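Examining the three-dimensional arrangement
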Amino acid sequence: MSTPDGPSVDSADMVASIWRYRWAVIIPAILGAAGGFIAFLKTPETFKSATRLMFESDRPAVLDTMTGDVLGGVPSIDILRSQLFSDTVTKNAFEDESFEVFRSKFGDNPAGFAGASGEALQFNADVQDTRSASSLVATLAFESTDSELCVGAVKAYSAALQKLFAEKHKSSRTELLRLITMATDQLQPKMVELEKRYRDFRTDAPLVWNEEGKAVNPHRERQLYLTERRSELFEQARQKSIELAAIQSIAEEGKDPLVSLSIIGQLVGKTFKIPETLQTRQDLREGDAQLKQLELDQQLVPLIIERNKFAAEFGEQHPTVKQLDVELKMMKSELKRLVTEQAERIVELMEQNRVEGVDPAARAQEAVDVILFASNAEVELLQQQIAELDQQIANEKSEAVQLAKYEQENNAILREIDRNRELIDQLEEQMARVELTEEEGGVRVSELSAPSSAYRVGPSMAKMLGIGTFLGIALGCGLALLLEKNANTFRDPDEIAEAIGVPILTHIPFFKGRVRKSKPDHPNPFEKLDPYLAVVHQPASVPAEAIRSCRTSIFFDLSNVPGGKIIQVTSPLPGDGKSTIAGNLACSIAQSGKKTLLIDCDLRRPQITDNFDSAEQLGLIDVLNGHCEHIEAIHQTPLATLKIMPSGPIPANPAEALTLTEMGELLELLRDEFDYIIVDTPPLLVVTDPSIMASLVDAVVMTLKIRRKSKPNLKEAATILRTVGARLIGVVVNNSDESGSSDGYKGYGYYRYGRHTSRYYRKTKDNGTKGGQPRTPIVVSGRAVGLRASAAAAKPTSVATSSTKNGTATDDV
């Protein structure tokens, strides 16, 4: 895409811009190549010597999964390069016997040699065993302008590098093992003391250790057990309370004791039978006691199992086991007493109320009462046990808190023991690793090839020429793009239409004017006309056809303008060819059969007047000053339908002349007498004359010659026309295929018109000796009588004169 205010920015337009200014690319390219050649001649020769070194390790590189270190193998090329440029290697190389003859060049100073080696010494890997990293082949090279120094430096550095790796590991083993042994000797006594301290602690601490050796707080274990037991008893008490509430509700609301007893039996999961005759004996009491004892043992089974479990885990002497034994014994005794009392009471009641043939309903009621009593007693017993457990849990919790400090001390001792044991293990492992590395040896360095003789490596003519040419081309391309941006011109017809908002009427190609010479049998009536009037001299040419295309476009545009007849032809700057276009356009319109008048309003440089050979005839200035009537200033041309009004004498005040009211009256008068009027005016950006005329005409045609700065010039000219309210109908692009004239232009200003506005006679054949002589300039001041009144008074005389000459009444116009 192209932008309105600048050249196109895409790659195609960049290439086109570079091609347009290819001279700006070629010249810097040639200069760059010349500079590269000169640099080649002045650059001193450079020599290079090299050798190949192999670095080998006895064992491949292994990754230690515990520490993340790489054990064994050859160091990386970066590490080897750092060692090569180290002060130690440089000093050894400088002191090597093969380098003795070159020490004087550096003033016997290793620092100077190190500075030179930093730029001249090269070290790069050629081949590396990437799988095991146990070997590496590298090239050691040295560049210098002294060929002998190259060979000597390579030999010295090769020997210094081999010496470095040969002596690298000799002094490290003893010192490292000594440090490891010292650390181990300090940790071992401390470890023994910690273990003894821990044994004493286990003997004195009121803690219990399980089979795994972990410390256990017995009171906390007892607290956990009692808490679990309380939860079980609480759940049993809750269930028994619900069962008691249900039995009480059945006993209170039931009307038939037998039915109530049956329902209660279903609720508690038992079946009650009421005999018709009650016979009480002594063995009933004993049988009932034995049955209750079985039920008591059945209820105590979970507690017995829990006791046996703790006994198996901690032993019979464990406090928890002993506590459970006491609890079991107490619960058995208490429950047995309650059962015995209950059974005796039941038998006692039965004996007191023994009656032969007792009513079953009464017996059922008695059974219900007994069940209520037993259930209530069981709930109270469970609640009493829960209360006792709460007291025991609180006591155990208090004791467990007191033993917590022993647990913390136990954990602290164990952590310290583990930390010291880990340090000892790491030291032992490190010692084994160091011994293994020393036993297997380090990295060996050997020369695969002797240092080569110094060979020339620079300078390269092709490289320097290429760099110079490339820089020149880059500079030239930048210069071409800068020139393209500075040109600020049009490169596409669409840009012109977008810039000022009017279409392009036609493109006039560049052409050379040719005039056909008159012959006796073929006279040329247009011989005296300007050669660049292609419409009459070369009617079949491409420029003539382009003018006719412009004429057609103007006809269509003016058809929409009521009374549109007067057309002004102007341009932004001189040299655009506006006078040539105006003359050709007038001839073309006249050839179409239209009565056409061509007026030269360029009162500074009247080119139309010269093109039609009318320099010494009456013209526009004479009409405006009242020296003649307008019909006397209109002259016939070789074309029957084309007449011309030259500029007349060049005035001293051309801009003021066009602002006279006579000028407007003249145009209105001529509008009635001609079909089309073509007005040629000066360039818009040079003088104000064309902007004055633009307000008096019906349409304006802009002539433009593509060249540098065309874009801002055309925009400014169009702005001037819009300011005065002119109707710009289109642009005629002149010399559209002349690339040479599109790249530059010559300035145009008052100084270009100055030689025509001077007070001298023109040098023409008719003027003779008057040519170049000073004359008094004419000042345009207007007419005393209006043009229409003067024309009305002069018309009868003109008609009579015409009738006398031709025998018919015709209009000179």
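These numbers were taken from a predicted model, which means no experiment stands behind them. (Residues numbered from 1 in each chain as written. Predicted model: local features only at pLDDT ≥ 70, side-chain atom pairs only at ≥ 80, totals over all residues. Heavy atoms only, no water.)

Regarding the overall build of the chain
This is how it is decided: A run of H or I in DSSP counts as a helix once it spans at least four residues, and a run of E counts as a strand once it spans at least two, with each numbered from the N terminus. Whether two residues are in contact is decided by their heavy atoms, any of which lying within 4.5 Å being enough. Here, Shrake-Rupley sampling with a 1.4 Å probe gives the accessible areas, and only protein chains in the shown set may cover a residue.
Assigned secondary structure in the chain consists of 27 helices and 17 strands. Once local pairs closer than 6 in sequence are excluded, the contacts in the chain between residues at least 24 apart make up 77%. Taken as a whole, the chain presents about 44,100 Å² of accessible surface, with 54% of it coming from carbon and sulfur.

A closer look at the sheet that holds strand E13 (residues 635-636)
Within a sheet, neighbouring strands are paired by backbone hydrogen bonds and run either parallel or antiparallel to one another. We count it as follows: In this scheme, strands are said to pair when DSSP sees at least two bridges between them. Each axis is a line fitted through C-alpha atoms, and for a helix only the stretch in contact is used; angles between axes span 0 to 180 degrees, taken between their N-to-C directions.
Pairing is mixed in the open sheet, where eight strands are placed in the order E10-E17-E16-E11-E15-E12-E14-E13. Of all the strands in the sheet, just strand E10 (504-508) and E13 have a single pairing partner and so form its edges. Across four bridges, strand E11 (residues 566-570) lies against strand E16 (residues 699-705) in parallel orientation. Directly across from Gln568, in E16, lies its bridge partner Val700. Relative to the sheet, helix H17 (residues 542-558) contacts E10, E11, strand E15 (676-680), E16 and strand E17 (728-734), its axis offset from that of E10 by approximately 170°. Helix-sheet contacts for helix H24 (residues 710-723) involve E16 and E17, and the interaxial angle to E16 is about 170°.

Topic: the pairing of E17
Formally: Categorising residues by exposure relies on relative accessible area from a 1.4 Å probe, with only protein chains included: less than 20% of the type maximum marks a residue as buried, more than 50% marks it as exposed, and the intermediate range marks it as partly exposed.
Within E17, seven of the seven residues are buried, leaving the element largely enclosed by the surrounding structure. Relative to E17, E10 runs parallel, the two sharing four bridges. Bridge pairing in E17 places Ile508 opposite Asn734. Where E16 meets E17, six bridges bridge the pair, whose relative direction is parallel. The residue bridging Lys705 from the neighbouring strand is Asn734, located in E17.

Section: the pattern of salt bridges
The criterion, for reference: Any Lys or Arg side-chain nitrogen located within 4 Å of an Asp or Glu carboxyl oxygen qualifies as a salt bridge.
Under the criterion given, the structure shown has 19 salt bridges. When the shortest N-O distance is used, the salt bridge between Arg52 and Asp126 registers 3.5 Å. Here Arg52, found in strand E1 (residues 46-57), pairs with Asp126, found in strand E4 (residues 121-128); they are 74 residues apart in sequence, far enough to count as distant. For Arg52, a relative accessible area of 35% corresponds to the partly exposed category. The class for Asp126 is partly exposed, based on a relative accessible area of 39%. Two residues, Arg81 and Asp78, come together in a salt bridge whose shortest N-O distance is 3.2 Å. Highlighted residues: Arg81 and Asp78, both in helix H3 (residues 77-84), separated by three residues, approximately one helical turn. Via salt bridges that share partners, Glu195, Asp418 and Arg421 belong to a single interconnected network.

Quick word on H3
Since the α-helix turns once every 3.6 residues, residues separated by three or four places project in the same direction. Note the following rule: Think of it as the arc spanned by the lines of direction from the helix axis to the C-beta atoms.
The set of residues buried in H3 consists of Ile77, Leu80, Gln83 and Leu84. The buried residues of H3 all sit within an arc of 120° when viewed along its axis, so they share a single face. Facing away from the buried side of H3 by more than 90 degrees, the exposed set consists of Asp78 and Ser82.

Let's talk about the environment of Gly478
Here Gly478 shows up in helix H14 (residues 461-487). Residue Gly478 is classed as partly exposed on the basis of its relative accessible area of 37%. Linking Gly478 and Val25, residues 453 residues apart in sequence, is a C-alpha distance of 8.5 Å.

Points about H24
Counted only if it meets this: To estimate the expected span of a helix, subtract one from its residue number and multiply by 1.5 Å.
Helix length check: H24 (14 residues) gives 20 Å between terminal C-alpha atoms against 20 Å at 1.5 Å per residue, within 8%. Against helix H15 (493-500), helix H23 (689-694), E16 and E17 lie the buried residues of H24. Just downstream of H24 lies Gly725, where phi reads positive at about 80°.

Things to note about the packing of helix H4 (residues 87-95) against helix H5 (residues 110-120)
What counts here: These descriptions rest on fixed angle ranges, namely under 35 degrees for roughly parallel, over 145 for roughly antiparallel, 65 to 115 for roughly perpendicular, and the rest for oblique. By definition, any crossing whose near helix is turned counterclockwise from its far helix by less than a right angle is left-handed, and any crossing with a clockwise turn is right-handed. Three classes are used: nonpolar for Ala, Val, Leu, Ile, Met, Phe, Trp, Tyr, Cys and Pro, charged for Asp, Glu, Lys and Arg, and polar for all others, with Gly counted as polar.
Interaxial distance between H4 and H5 falls to 10 Å at its minimum, and their mutual angle equals 110°. Taken together, H4 and H5 sit at an angle that is classed as roughly perpendicular. Our pair here, H4 against H5, has a crossing hand that is right-handed. From H4, Thr90, Ala93 and Phe94 reach across to H5, where they touch Pro110, Phe113 and Ala114. Residue composition of the contact of H4 with H5, grouped by class: five nonpolar, one polar and no charged.

Remarks on the packing of aromatic side chains
As a reminder of what qualifies: Side-chain rings of Phe, Tyr and Trp, where Trp is taken by its six-membered ring, are said to pair if the distance between their centres is within 6.5 Å; with planes under 30 degrees apart they count as stacked, over 60 as edge-to-face, and otherwise as tilted. Placement of a positive charge over a ring is assigned whenever Lys NZ or Arg CZ falls within 6 Å of the ring centre and within 35 degrees of the normal to the ring plane.
A full pass over the atoms with the stated rule returns twelve aromatic pairs. Ring geometry for Tyr198 against Phe201: centres 6.5 Å apart, planes inclined by 20°, an arrangement best described as stacked. With Tyr198 and Phe201 both in helix H7 (residues 172-204) and three residues apart, the pair spans about one turn of that helix. Judged by relative accessible area, Phe201 falls into the buried class, the value being 8%. Through successive ring pairs, a cluster of aromatic residues spans Phe94, Phe99, Phe102, Phe106, Phe113 and Tyr157. When the ring centre of Phe674 is taken as reference, the NZ or CZ atom of Lys595 above it lies at 6.0 Å.

Some details on the packing of H15 against H24
With their axes 9 Å apart at the nearest point, H15 and H24 run at an angle of 35° to one another. The handedness of the crossing between H15 and H24 comes out as right-handed. Residues Glu495, Ile496, Ala499 and Ile500 of H15 lie in contact with H24, whose contacting residues are Lys711, Leu714, Lys715, Ala718 and Arg722. Partitioned by chemical class, the residues of the contact of H15 with H24 number five nonpolar, no polar and four charged.

Observations concerning the nonpolar core
What counts, and what does not: Grouping buried Ala, Val, Leu, Ile, Met, Phe, Trp, Tyr and Cys residues that are joined through side-chain atoms within 4.5 Å yields what is termed a nonpolar core.
Counting 44 residues, the largest nonpolar core has Ile599, Leu620, Met645 and Leu670 as its most contacted members. Once you skip the residues sitting within four places of it in the chain, Ile599 turns out to touch Leu620, Met645, Leu667, Leu670, Ile677, Ile678, Val679 and Asp680.

Notes on the environment of Ile496
With respect to the helices and strands, the residue Ile496 is situated in helix H15. Taking the relative accessible area as the measure of exposure, Ile496 reaches 3% and is therefore buried. The contact partners of Ile496, leaving out residues within four places of it in the chain, are Phe490, Gly501, Ile504, Leu704, Ile706, Leu714, Val731 and Val733.

Considerations on the pairing of strand E14 (residues 642-645)
Neither face of E14 is exposed, since Leu642 and Ile644 on one face and Lys643 and Met645 on the opposite face are all buried. Here four bridges tie strand E12 (residues 596-600) to E14, and the two strands are oriented parallel to one another. Each bridged residue has a counterpart across the sheet, and for Leu597 the counterpart in E14 is Lys643. Direction of pairing for E13 relative to E14: antiparallel, over a ladder of two bridges. Considered in E14, the bridge of Gln636 is made with Lys643. Where E13 folds back on E14, the antiparallel hairpin that results is connected by five residues.

Some thoughts on unusual backbone geometry
Both trends apply: most residues other than glycine have a negative phi, and most peptide bonds are in trans. In this structure, Pro459 follows Gly458 across a cis peptide bond, with omega equal to 0°. In this structure, Pro459 sits in the loop between strand E9 (455-458) and H14. We note that Asp108 has phi near 55°; this positive angle belongs to a residue other than glycine. Note on placement: Asp108 falls in the loop between H4 and H5. Of note, the phi angle at Asp613 is positive, near 55°, even though the residue is not glycine. When you line up the elements, Asp613 lands in the loop between helix H19 (607-611) and helix H20 (620-625).

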